[in-house]
Structures are given as C-alpha cells and as structure tokens.
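An overview of the molecular structure
Letter by letter, the chains look like this.
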Amino acid sequence: EAALLIAAHAHHDLDVDARLAQLDALASRAAGCSAGELSTLLFVSEGFRGNATDYSDPRNSLLDDVLDRHLGIPITLSVLMLEVGRRCGLQLHGVGMPGHFLVGGGHGEWFDPFHAGARLDLAGCATLFAEQHANARFRPQFLMPVGPRAIVQRMLGNLQHTYLQRDPKAVVWVVRLRLRVPGITLSQRGDLAGLLGRLGQFAEAARELDVL
C-alpha cells in the first residue's frame, strides 16, 4: 500500500484499492506455490521483467506502472513478489543488497526478480554483487532482511535519483515524502533540506533545517 501511495503522488487518479485487488488476483493464481514456483509464475509465466533498456525511466519505480507495463527495477519487482507471496502465506523478505535489491526465501536461497526471478545461493549473490562493484568486497551481511521503512526509503531514493536526472522540477514531492518517513537520520534530513533549497524551496528547506 505504501508503494502505491508513493505512485499516487505521480498519478493523482490512481485507485489504490483497485491496484491492491490486482495483487490479490495474482495471489489467487499463485495459491499453493512455493517461493521458487511463485518466482517462475511472476517473472516467466506472467512476464514481469527488469527494464534493462531504460533502467532510469521513473515508471520503473511506480508500482501501478509496473503492474501495467510488466517492467520494473529490482526493488519494485521485489515488492511485487513480496506482496503476492505474503498473500499466499510465504515467508519472504526484502534484501537490500547494495546496488541490487533481492527477495530472500530463507534456507540459503534468494531470488532476483530483475533477472527472470533467478534463484541464487550465497555464491550467486556474491557474483551478482561483484558484477556491479568490481573493487568492493562482498559481505554476507549485505543479505540481511530489511523492513518496510527501508524499502520505502530506497524506493523514494531511486525516484529522487531518476527525477534529478530527467526532470528536476518533479523531484520536490519525492523529497517531501522522504522527509516524512519515520526514522530519518539528522544527516539525511540535512541533505534533503539542502536539496529543497537548491530546488528553490527556500522557506521549506529552512523549516526542515530548524529541526536539526
């Protein structure tokens, strides 16, 4: 629901209940699936896939667009699997590996929704990390579960990065949402307030800085 409420700031006519019903419908088709079977259903049979052609398209970060276009980035496709899986009673969790979000299935297995739902073991996760971070050392703690707040902040961070590249004027609402997520650090608040100032929202930036 939080992911859809983010998208509602970009699409003011978005019907959250109708979109939740789409997830319910996917879950009904996945009833009785294991985690691996769910991954195959979503990312092979249903055709949801990573948008490798235009990764930074903002629509990849908006869950309603992902449901319509069957295209996304790792975190939105992972949210799709997590929420369908939750409805099916599966014990899945988000994994905020640097640079590439995954879904954890427990028992030493992870799923990569961006790459056709590929099932990975620890070595496979390390290889995926190395492909994106050639000079960094992989650490198993990168695969620790992350909760809803961290997922929401990461989704908003992706949107912020994308809009700053493509349409800086559109990023203000994203920054405002990031500032409202509980648990934000003082350092993050300062950085986001500074960004508001650079975007011309001087009074608002000053109010946020007063909190520091």
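Residues numbered from 1 in each chain as written. Predicted model: local features only at pLDDT ≥ 70, side-chain atom pairs only at ≥ 80, totals over all residues. Heavy atoms only, no water.

1. As for helix α5 (residues 74–87)
In this model, α5 (14 residues) spans 20 Å end to end at C-alpha, consistent with the 20 Å of a helix rising 1.5 Å per residue. Among the 14 residues in α5, 11 count as buried, and that is most of the element. Looking at α5, one finds that the buried residues are P74, I75, T76, L77, S78, V79, L80, M81, L82, V84 and G85. Once α5 ends, the next one or two residues include G89, with phi positive near 80 degrees. (Helix = DSSP H or I, 4+ residues; strand = E, 2+ residues; numbered from the N terminus. Expected span 1.5 Å × (residues − 1). Buried < 20%, exposed > 50% of the residue type's maximum accessible area, 1.4 Å probe, protein only.)

2. Quick word on the nonpolar core
Counting 54 residues, the largest nonpolar core has L38, L42, L80, M81, V84 and Y163 as the members making the most contacts within it. At the level of secondary structure, the elements contributing two or more residues to this core comprise α1 (2–10), α2 (16–29), α3 (35–45), α4 (63–69), α5, α7 (148–166), α8 (172–180) and α9 (186–198). Broken down by element, the residue count for this core peaks at 7 residues, all from α5. Apart from residues no more than four positions distant in its own chain, V84 is found in contact with L23, L26, A27, A30, L38 and L42. Core analysis: the next-biggest nonpolar cluster, separate from the first, contains 10 residues, V95, W110, L128 and F129 among them. (Core = buried A, V, L, I, M, F, W, Y, C linked by side-chain atoms within 4.5 Å. Contact = heavy atoms within 4.5 Å.)

3. Comments concerning the environment of P98
Tracing the chain through its elements places P98 in the loop between β3 (93–95) and β4 (102–106). The spatial distance from the C-alpha of P98 to the C-alpha of H133 is 8.9 Å, given a sequence separation of 35 residues.

4. Things to note about the packing of α8 against α9
Running from amino to carboxyl end, α8 crosses α9 at an angle of 155 degrees, the nearest separation of the two axes being 10 Å. When the axis of α8 is compared with that of α9, the two are roughly antiparallel. Relative to α9, the crossing made by α8 is left-handed. Two secondary-structure elements touch here, α8 through V172, V175, R178, L179 and R180 and α9 through R189, L192, L195 and L196. When its residues are assigned to classes, the contact of α8 with α9 shows 6 nonpolar, no polar and 3 charged. (Axes fitted to C-alpha atoms, helices over the stretch in contact; angles between N-to-C directions. Parallel < 35°, antiparallel > 145°, perpendicular 65-115°, else oblique. Left-handed = near helix turned anticlockwise from the far one by under 90°. Nonpolar A, V, L, I, M, F, W, Y, C, P; charged D, E, K, R; others polar.)

5. A few points about the pairing of strand β5 (residues 109–112)
Along β5, one buried face is formed by E109 and F111 and the opposite face, lined by W110 and D112, is buried too. Pairing analysis gives 3 bridges linking β4 to β5, with the strands arranged antiparallel. Residue pairing in the sheet places G106 in a bridge with E109 of β5. Connecting β4 to the antiparallel partner β5 that follows it, the hairpin turn spans 2 residues, and H107 within it adopts a positive phi of roughly 60 degrees. Bridge count between β5 and strand β6 (residues 118–120): 3 bridges; the pairing is antiparallel. In the strand pairing of β6, F111 is matched with R119. (Pairing = 2+ DSSP bridges.)

6. Here's the deal with a nonpolar patch on the surface
A grouping of L186, L209 and L212 is seen on the molecular surface, where their side chains present a nonpolar patch of about 290 Å² in accessible area. One can find L212 in the segment after α10 (202–210). Residue classification places L212 among the partly exposed positions, given a relative accessible area of 48%. (Patch = residues over 30% accessible without salt bridge, like charges linked within 9 Å, V, L, I, M, F, W, Y side chains within 5 Å. Areas by Shrake-Rupley, 256 points an atom, 1.4 Å probe, with all protein chains shown as cover. Salt bridge = Lys/Arg side-chain N within 4 Å of Asp/Glu carboxyl O.)

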